[in-house]
Amino acid sequence: MIGLENYHNNKWQAIFFIVGISALLLIAYLKAPLHHHEHDVEDILVAIWVPIGAAVCYSLHIYLHLEIVIAAGITGTLASFLPNLNKKSDYLSKLPVAIYCGTFVGMSSINIAKNIGFIIAAGIFTGVLLLLSKNLFLGVGGKLGTLAFVGVTIASFLYYIFHI
Amino acid sequence: MLLNFTIVIVSMISAISTFYLSEHRKQGAVRASALLSLIVGIIFYLLKDKISIEYYSQIPVAFIGASFVGMVSSRALKHFRLVGFAGFIFGIIYINSSHFFKGYGGALGTSASISIMVTMCVPIYLSKRKRLNGLILIRKWIFRDNRRRKKKND
């Protein structure tokens, strides 16, 4: 999208940008140690917390009129202290990741996410993707955000099709 | 221009500080990112009247986005300078981000993962052993063709 927007003004810069980034991404995908075979988040009960995290962040932003960064920070910080309730629990240790992934979904602005139903739907799609992507992008920060972005895009597309 | 420069610097600081808190202080990626973003968000909220609207609206968002870069595991990026470079790349992507994606949840995270993947191939490219190996293979390929031509002529 950046390349297309700049295409009319700086054609060669846009082409160089697209080719350069694509080449580097391809090299990283083929050569970098991204994949692993351990299961990270596989429980549906963990993925359910994604729409919950999204709804909490969105509600803090819209209904309590907090800034989006503060709302996301509060949600993520509270989520990060959940494992302290029972340090031996494997289930609780997986929750912060799922809730923070939902926080990214909840950071959508009101122009895109018109009501909380959209956020919950996008959160459900993102939760499903989180289950499916358990062995991909290990250790890459932004994996959660990428999944959130895809979830919001799918929800936005479906809302557009069904004119909700 | 000053705003763009500030965004890039803030991105680098955010990525490095989140990585430090997550990996070296063993606080975990989520707590490191969320706590630092919350602190920065509160500071900017308290200084709302004293900062221009441009800085107030952009800097905390750039900070939280770059903190996603800092959430990377040390298995993917080992050194602080690589994380700082990834934060720099994130800052560049953020400044040039398309208005089409404005308001999309996760757009920041996607930019963060792109900047990390771009940074991950830097050690591969700079590795002397692999570069030298590549040069040796090219040299062998060239001289193999020359030997074949000499044999045919003989």
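Draft legend 1. View of the overall build of chain A. Each helix and strand in chain A was counted, giving eight helices and zero strands. Reading the secondary structure of chain A in the N-to-C direction produces α-α-α-α-α-α-α-α. Split into buried and exposed, the 164 residues of chain A put 43% on the buried side. Residue pairs at least 24 apart in sequence account for 66% of intrachain contacts in chain A once pairs closer than 6 positions are excluded. As displayed, chain A offers around 9,000 Å² of accessible surface, 69% of which is attributable to carbon and sulfur atoms.

Draft legend 2. Up close: the nonpolar core. Counting 61 residues, the largest nonpolar core has A:Y100, A:M107, A:F118, B:I64, B:F68 and B:L108 as the members making the most contacts within it. By residue number, the principal contributor to this core is helix 3 (residues 53-70) of chain B, which donates nine residues. In contact with B:L108, not counting residues within four places along its chain, are A:M107, B:V61, B:I64, B:G65, B:F68, B:F90 and B:Y94.

Draft legend 3. Molecular detail of the confidence of the model for chain A. Residues and elements named next belong to chain A. Of the residues in chain A, 67% reach a pLDDT of 70 or more, and the chain-wide mean stands at 76. The element-level mean pLDDT for chain A is lowest in helix 1 (residues 2-7), coming to 50, with helix 5 (residues 68-80) highest at 92. This stretch, residues 135-140, has a pLDDT under 50; its non-local contacts, to residues over four places away or in other chains, come to 19 contacts.

Draft legend 4. Representation of the packing of aromatic side chains in the model. For the structure shown, the criterion picks out eight aromatic pairs over all chains. Arranged with centres 5.5 Å apart and planes meeting at 90 degrees, the rings of B:F19 and B:F80 form a pair that is edge-to-face. With B:F19 in helix 1 (residues 2-24) and B:F80 in helix 4 (residues 80-95), this residue pair connects regions lying 61 residues apart in the sequence. Under the relative-accessibility criterion, B:F19 is labelled buried at 1%. In this structure an aromatic cluster arises from ring pairing among A:Y100, A:F104 and B:F68.

Draft legend 5. Region of the structure containing unusual backbone geometry. For A:H65, which is not glycine, the phi dihedral falls at a positive 55 degrees. Locating A:H65 in the fold gives a position in the loop between helix 4 (49-62) and helix 5. In this structure, B:K26 takes a positive phi of about 55 degrees despite not being glycine. For B:K26, the location among the structural elements is in the loop between helix 1 and helix 2 (29-46).

Draft legend 6. Representation of the state of the cysteines in the model. Residue and element names in this part refer to chain A. The final tally for this structure, using the stated rule, is zero disulfides over all chains. In this structure C57 is a free cysteine whose sulfur lies 12 Å from that of C101, the closest cysteine sulfur available. With a relative accessible area of 0%, C57 lands in the buried category. Overall, the relative accessible area of 0% leaves C101 in the buried class.

Draft legend 7. Fine view of a nonpolar patch on the surface. Residues and elements named next belong to chain A. Residues I44, L45, I48, I52, V56 and Y91 make up a contiguous nonpolar surface patch of roughly 510 Å² in combined accessible area. Elements represented by at least two residues in the nonpolar patch include exactly helix 3 (44-47) and helix 4. Structurally, I48 can be placed in the loop between helix 3 and helix 4.

Draft legend 8. View of the packing of helix 1 of chain B against helix 4 of chain B. Residues and elements named next belong to chain B. Put simply, helix 1 and helix 4 touch, their axes get as near as 8 Å, and they point 140 degrees apart. The orientation of helix 1 relative to helix 4 falls into the category oblique. In this structure, the crossing between helix 1 and helix 4 has a hand that is right-handed. Facing N4, I7, V8, S11, M12, A15, I16, F19, Y20 and H24 of helix 1, the residues of helix 4 in contact are F80, V83, G84, G87, F88, F90, G91, I92, Y94 and I95. Taken together, the residues of the contact of helix 1 with helix 4 break down into 14 nonpolar, six polar and no charged.

Draft legend 9. Up close: the environment of A:I112. All names here are of chain A. Considering the arrangement of structural elements, one finds I112 in the loop between helix 6 (90-106) and helix 7 (116-132). Using a relative accessible area of 19% as the deciding quantity, one classes I112 as buried. When the C-alpha atoms of I112 and V152 are compared, they prove to be 8.7 Å apart, with 40 residues separating the residues in sequence.

Procedures and definitions
In this numbering scheme, every chain counts its residues from 1 along its sequence in written order. Here the convention is simple: chains get letters from A, ligands get numbers from 1, in the order in which they are written. Local features in this predicted model are restricted to residues of pLDDT 70 or higher, and side-chain atom pairs are both shown and tallied only at a pLDDT of 80 or more, whereas totals for entire chains, interfaces and linings draw on every residue. Side-chain metrics in this entry use all non-hydrogen atoms of the structure; hydrogen atoms and water are not considered. For the purposes of this entry, the term helix denotes a DSSP run of H or I that reaches at least four residues, the term strand denotes a run of E that reaches at least two, and both are numbered from the N terminus. Per-residue accessibility, obtained with a 1.4 Å probe over protein chains only, is compared with the maximum for each type, and a residue is labelled buried under 20%, exposed over 50%, and partly exposed between these values. Here, two residues are considered to be in contact whenever any of their heavy atoms come within 4.5 Å of each other. Under the convention used here, a 1.4 Å probe and the Shrake-Rupley method define accessible areas, while residue burial counts only the protein chains that appear. Joining through side-chain atoms within 4.5 Å is the link that ties buried Ala, Val, Leu, Ile, Met, Phe, Trp, Tyr and Cys residues into a set, and such a set is a nonpolar core. The predictor rates its confidence in each residue with pLDDT, a number between 0 and 100. Pairing of aromatic side chains here covers Phe, Tyr and the six-membered ring of Trp, requires ring centres within 6.5 Å, and sorts the geometry by plane angle: under 30 degrees stacked, over 60 edge-to-face, intermediate tilted. Any two cysteine sulfur atoms within 2.5 Å of one another count as a disulfide. Residues with no salt bridge and a relative accessible area higher than 30% make up the patches, which join like charges within 9 Å and nonpolar side chains (Val, Leu, Ile, Met, Phe, Trp, Tyr) within 5 Å. Salt bridges are counted wherever a side-chain nitrogen of Lys or Arg sits within 4 Å of a carboxyl oxygen of Asp or Glu. Helix axes use the C-alpha atoms of the stretch in contact, all axes being lines fitted to C-alpha atoms, and the angles between their N-to-C directions lie in the range 0 to 180 degrees. Put simply, angles under 35 degrees are roughly parallel, angles over 145 are roughly antiparallel, angles from 65 to 115 are roughly perpendicular, and the rest are oblique. Here a crossing is called left-handed whenever its near helix is offset anticlockwise from the far helix by less than a right angle, and right-handed whenever the offset is clockwise. Each residue receives one of three labels: charged for Asp, Glu, Lys and Arg, nonpolar for Ala, Val, Leu, Ile, Met, Phe, Trp, Tyr, Cys and Pro, and polar for the others, Gly being one of them.

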